[in-house]
Structures are given as C-alpha cells and as structure tokens.
Amino acid sequence: MATVHSRPFSRWAVSAFILASYLGIIGCSNSDNDRKSAPQNITVVDPSTPSPVSSSSSSSSSSSSASSSASSSGVTTPGNPTNPDDLRDAQGNPVLLNIEVVNETLELKGETAIHLNFTDEDGESVPPIGGTWKANSPCLEGGLAEISAPTTTTNRISFNYITRGCVGEDVITFTTPEFATVAYSTAVTIEDQVSFISWVSSEPSSIAISGSGGVEKSIVTFRLNGSYGEAVAGQLVNFRLEGLAGDTVRLVDNTAISNSEGLVRAAVLSGSMPNVVTVLARHEESGAEAPSGGLIVATGLPSADHVHLALSERSINVWNRINDPTTNISVAVTDRVGNPVADGTIINFVSPDGGAVTNHCVTEKNTCAVEWKPDGRKPANGRARILATVKGTENFVDNNGNNVFDDGDTFNNAFDLGEPFIDLDNSGGYTPGDYFVDTNRNGTRDGGDSLWNGLNCQHASLCSDPIQFVDLGVQTVVYMSNGANPTICEEGDFAPSSFTTTVSSRINLSGLYLSDGNDAAQNPGYVCATGNPLPAGTEISFSVSSGELVGITSWTVQTNASLPTGPYDVRFKAGTTADISLLTLRVEVPGEAPKEYYWDIDVQ
C-alpha cells in the first residue's frame with residue numbers, strides 16, 4: 001500500500017512547492033511596486049517652459065499637490081510626487097529635492113544663494129545625486145543675470161545668482177544630464193523701475209517727402225534706463241508725435257516693449273511737407289518721457305533754380321594743350337526749400353564746345369564734383385560751355401505753404417521749362433544743330449508744356465501726367481586762356497611809350513587791362529571788347545629802375561576771373577636827381593616764360 005500511495009504524495013508536494021514559489025514571486029513583485037509608489041518631494045518642470053509641470057508618468061497624476069514652507073534662511077520649495085524612476089540613488093531608493101532661495105526678492109544688481117537640498121522619504125539629508133547640475137534662466141540667456149558654477153557639500157548643491165539689469169520675475173531652471181527627463185525650477189523677483197528714457201538714434205536722420213522718390217521711413221530708437229543706468233527690459237512704452245499740425249507724417253507703431261538692451265523703436269513715415277519731426281517716448285508707469293533728436297523731412301528731389309555749379313579755376317592755360325591743366329566742377333543741389341537732396345542723386349555733364357568732362361557724378365550730402373580737361377579742340381571764342389543736368393521738378397509759388405502743388409498755387413511761363421540746350425551758334429536761342437537733352441526721346445527739342453512737372457502734383461488742371469519730372473539744366477563756362485600771349489587790351493594812361501616829369505614830382509598812371517589776346521572772345525559792353533582773362537594764378541607786377549612806386553604794385557589773377565583783368569595803376573615818385581627811369585610791367589603765367597612791357601620816365 002505504501003508503495004501504491006507514494007506517487008500522489010510526491011505530485012502534491014511538487015505542486016505545493018511550485019505554488020509557494022509562485023506566490024513568493026508575486027509577493028516580491030507586489031512589495032517592490034509598493035516601494036516604488038512612495039511619493040518624492042520634488043518639483044518637475046519641462047525645461048522649455050518657465051513654470052513647474054508634472055512628468056509624463058501616469059502614476060503621478062493622482063499625487064498630492066506641492067506645498068511651500070519657510071526656512072530660517074529663505075524660501076524652501078518642495079515639489080510634487082512624480083515618477084520614482086526620475087530621481088534615485090545608486091541603490092534605487094527615492095531621493096527628494098527641495099529648492100531653497102535665500103533672498104527671493106532682489107534689487108537691481110542684487111544677488112542671492114540658491115540651494116538644492118537632497119533628502120530621503122523620511123526627510124533625512126542624503127548626499128546630492130546626479131551629474132553636473134546646471135542652471136539657466138531667461139535673464140541669463142539675455143545677458144542680464146549671472147549664475148555661478150555649482151558648489152557641492154554633504155547634502156546640498158549651491159548656486160550664486162546675481163542680477164545684471166533684468167527686471168521682474170526670472171524663472172531659474174536646474175537640470176542634470178543623469179536625469180534628463182525632468183527639470184526643477186524656482187523664481188526670483190528683481191525689483192527696479194524706469195528712471196529715465198534716452199534717445200539713441202534716428203536712422204536715417206533725413207527722409208524724403210512722401211511721393212518724392214526718396215527714402216520715406218526712419219527708425220527712431222530710445223533706451224529705457226533703470227535706477228543705476230542699467231537697461232530695463234520688458235517695459236511698455238508709448239510713442240506720439242509732437243506738433244506737425246496739418247501734416248501727414250505718421251507713426252507706424254504707437255507702442256513697443258523694451259528688449260534685453262532696454263531698446264524700443266518707432267517707425268516714422270514722412271508726410272507731404274518739409275518738417276522737423278520729434279517723436280516722444282513715454283513710460284506710463286514711471287512717467288519718464290523723452291523726445292527724439294530732430295528728424296528732417298525734405299523733398300529729396302532737385303528743384304528748378306536749386307542746382308548750382310562752381311569751378312575750382314574758371315580761366316586756365318589750356319589753349320594748344322591736351323589733358324593738362326585741369327579744373328574741377330562742383331555741383332550743389334537742394335530741393336525747393338533748400339534742403340539737401342537724397343544721397344545718390346545723379347548729375348550728368350556734357351562739354352560740346354571743347355574739352356573732356358567726366359560724364360556724371362553721384363551726390364553725397366547734396367554735392368559732388370567732376371573734372372574737366374583740355375582735349376585739343378579750340379572753340380572759336382576760346383570758351384567751353386559745360387551743361388549739367390539732373391532729374392527734378394519745376395518751380396511754383398506755394399501760396400498755401402503745404403509744399404504741394406495744388407489749387408490756388410501759382411505756376412506761370414517763367415516756371416515752365418523746356419528741354420535744356422546749349423546755344424552753340426550763339427544765336428541767343430535754340431536753333432537746329434544746337435546741343436539739347438531729349439528728355440522724351442522724340443528727336444525734337446521741346447519747349448515747356450504749360451503744365452507743372454513734378455511728383456505729388458495735386459492741382460485740378462495743371463498736373464503733367466504721365467510726366468512727373470523734367471531735366472533741370474545749368475551751365476558754366478571754362479575760359480580756355482592762351483597763357484603764351486598776354487596782351488594789353490586796354491592801355492588807358494599807358495598809351496604813350498614814355499613820360500616826362502620833374503625831380504621829386506609824382507606821376508599817376510591808371511586804366512591798363514590785360515587779356516589773352518583772343519580777339520574772337522566777345523565781351524559786349526566791357527572795357528576790353530574782346531579777349532579772355534589770363535589764366536588764374538598769373539602774377540602781374542610793376543617796377544622802376546630809379547625813383548619809387550607808391551602803393552600796390554603787384555596782383556594775382558583770381559580763380560573766378562571771367563573777363564580781361566584790370567585796371568592796373570601805378571603811382572611813380574621821382575628821385576632827387578635828373579635821370580631816365582625804366583618802368584617795367586612783368587606778366588608771369590604759370591608754366592610760361594614771363595612777358596614784359598616797358599615805358600621810359602624822363603625825370604628832369
């Protein structure tokens with residue numbers, strides 16, 4: 001019988017052992033799950049957001065809410081229970097983290113210590129865990145705060161936080177690469193107020209009137225400054241324009257928020273008339289207010305009678321010469337109220353009579369210059385006319401003062417411009433064959449059209465459409481002097497070849513004029529009916545062999561000479577003995593051999 005019943009007993013024992021083992025495994029599993037579900041005292045945030053959030057673990061969704069308790073040294077912020085796998089020591093035990101801010105509220109340039117305290121579930125301190133802890137914040141990223149490298153003690157990691165101009169709440173986030181799924185955060189509040197506003201710039205500082213073809217927008221920048229002169233970020237500023245009654249200048253932005261550098265910017269669009277624009281920036285909370293510097297609004301387009309030329313030397317020794325010497329032609333261009341035109345305005349040049357001129361220049365600060373040099377051509381009258389042209393507007397009388405051509409303004413024949421020309425045949429007007437600027441490309445020189453040509457025309461009947469601008473022309477003359485041929489073109493009192501006087505007496509001689517001897521160069525109504533001036537820089541002087549000359553005895557031909565020069569006068573005082581004194585006129589043209597004229601003075 002024992003033998004018969006031994007096999008079932010064995011089967012029961014084995015089954016019992018297997019069951020016990022299975023229950024033991026289940027028990028271990030349950031015990032471990034119970035241990036894992038114990039709460040951790042940590043605050044968990046998404047590193048990309050400034051406020052605490054729970055981790056993605058579903059087991060933490062029903063955990064208790066965070067609480068805060070004050071410590072003797074500052075503020076301690078415990079966190080919510082969360083996924084126990086996020087923060088554990090080497091043995092797998094949960095570790096809790098409390099953030100302690102010593103000074104929660106700071107002044108500008110203040111500082112505080114921030115401690116990360118580590119404890120077990122029973123609140124007992126434990127050594128810090130994790131890799132190298134890092135701290136970050138919006139103010140730190142903006143360069144407005146400083147956070148030191150961490151220092152570690154037996155149960156805490158400490159950081160030092162220093163403000164560098166940030167204002168308001170700064171959320172500081174702590175992370176460690178060993179537990180990458182969570183981050184821990186706290187906040188400090190930096191208290192400062194806007195003390196004053198300063199104007200920084202207006203770029204560009206001059207803009208064109210609306211519709212005139214130039215740059216019409218400027219960016220005006222201000223800076224918000226705190227109590228210590230630091231930039232104040234994140235502050236609302238309101239903008240407004242000062243004055244400008246009746247104008248259409250306007251602000252694109254009425255408000256702005258100061259950036260990390262404390263800067264706010266307002267865009268200004270020009271209006272319909274020249275003006276000086278002032279933008280006012282106001283910080284309502286503090287009452288701080290500041291005006292911008294002057295922003296100039298000008299037309300930006302050249303206007304008739306506002307294009308002017310000047311020569312560095314008007315009369316130069318270029319007859320029978322090529323390439324040298326040269327003269328510079330400077331041009332100054334303004335709009336109808338005398339403001340500089342926009343930089344980059346192109347001025348074109350031609351010299352059809354003779355000489356070579358640079359074909360254009362580009363204005364900077366309303367002026368530019370080109371060079372003229374001889375090219376071997378010899379105009380019959382020894383004069384080379386240079387024509388400068390620029391796209392611009394006709395003039396008008398602005399009766400209502402709004403700088404716009406509209407009803408009620410005056411426009412007449414004196415303002416109505418035809419295409420610019422050079423009177424090559426000196427007929428006094430345009431004749432076929434004269435040089436002209438064919439603005440409309442129709443092959444014919446056109447006169448005025450009895451309509452106002454310019455941008456932003458608002459007249460009911462006198463606007464030229466589609467023509468919106470004209471070629472404004474202005475001329476100057478280079479006198480191509482023959483420096484090798486100084487000529488007395490008017491003798492005056494010097495007509496005789498000799499003079500007679502007595503001992504110790506005086507003779508006054510006057511009325512002598514000098515030219516280059518070009519008889520084809522006409523000077524209607526002048527003392528010398530013909531002739532160009534001698535070259536600029538020519539030295540003219542009188543001397544005597546005995547006796548003396550009283551008063552001025554030498555002269556220099558000026559750079560702007562356009563007619564034969566004179567009169568040249570001498571006052572001769574005879575000596576105390578009888579003799580014959582030689583009076584000498586010496587003419588020294590730069591680059592030429594001197595030429596002299598002589599008179600005898602018989603002292604008896």
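In what follows, the structure referred to is the one given above.
The following paragraphs examine the structure supplied in this document. (Residues numbered from 1 in each chain as written. Predicted model: local features only at pLDDT ≥ 70, side-chain atom pairs only at ≥ 80, totals over all residues. Heavy atoms only, no water.)

Here we look at the pairing of strand β11 (residues 184-191)
Stage number 1. Burial runs high along β11: six of the eight residues are buried.
Stage number 2. Here strand β4 (residues 105-107) pairs with β11 via three bridges, running parallel. Its bridge partner being in β11, Leu-106 is matched across the sheet by Ile-190.
Stage number 3. The sheet contact formed by strand β10 (residues 168-175) and β11 spans seven bridges and is antiparallel. Its bridge partner lying in β11, Gly-168 is registered against Ile-190. (Buried < 20%, exposed > 50% of the residue type's maximum accessible area, 1.4 Å probe, protein only. Helix = DSSP H or I, 4+ residues; strand = E, 2+ residues; numbered from the N terminus. Pairing = 2+ DSSP bridges.)

Concerning the pairing of strand β29 (residues 367-373)
Stage number 1. Of the two faces of β29, the one holding Cys-368, Val-370 and Trp-372 is buried and the one holding Thr-367, Ala-369, Glu-371 and Lys-373 is not buried anywhere.
Stage number 2. Bridge count between strand β25 (residues 327-333) and β29: six bridges; the pairing is antiparallel. In the strand pairing of β29, Ser-330 is matched with Ala-369.
Stage number 3. For strand β27 (residues 356-357) and β29, the ladder comprises two bridges, and the chain directions are antiparallel. Bridge pairing in β29 places Ala-356 opposite Lys-373.

Brief notes about the packing of aromatic side chains
Stage number 1. For the coordinates displayed, the defined rule picks out 16 aromatic pairs.
Stage number 2. An angle of 50° between the planes, with centres 5.1 Å apart, marks the rings of Phe-159 and Phe-174 as tilted. Here Phe-174 lies in strand β10 and Phe-159 lies in strand β9 (residues 156-163), a separation of 15 residues in the sequence.
Stage number 3. For Phe-174, a relative accessible area of 0% gives the class buried.
Stage number 4. For the pair Phe-494 and Phe-542, a centre-to-centre distance of 5.5 Å together with 15° between the ring planes defines the contact as stacked. (Phe/Tyr/Trp six-rings, centres within 6.5 Å; stacked < 30°, edge-to-face > 60°.)

A few points about the pattern of salt bridges
Stage number 1. Inspection of every chain in the model, using the stated rule, returns 11 salt bridges.
Stage number 2. The salt bridge involving Asp-353 is made with Arg-385; its shortest N-O contact spans 2.7 Å. Placement of the pair is Asp-353 in the loop between β26 (346-350) and β27 and Arg-385 in strand β30 (residues 383-392), with a sequence separation of 32 residues.
Stage number 3. Looking at Asp-353, the relative accessible area reads 15%, which means it is buried.
Stage number 4. For Glu-588, the salt bridge identified is with Arg-586, shortest N-O distance 3.2 Å.
Stage number 5. A residue is classified by how much of its surface remains accessible, and Glu-588, at 33% relative accessible area, is partly exposed.
Stage number 6. Since its relative accessible area comes to 29%, Arg-586 is described here as partly exposed. (Salt bridge = Lys/Arg side-chain N within 4 Å of Asp/Glu carboxyl O.)

Geometry only, nothing functional implied.
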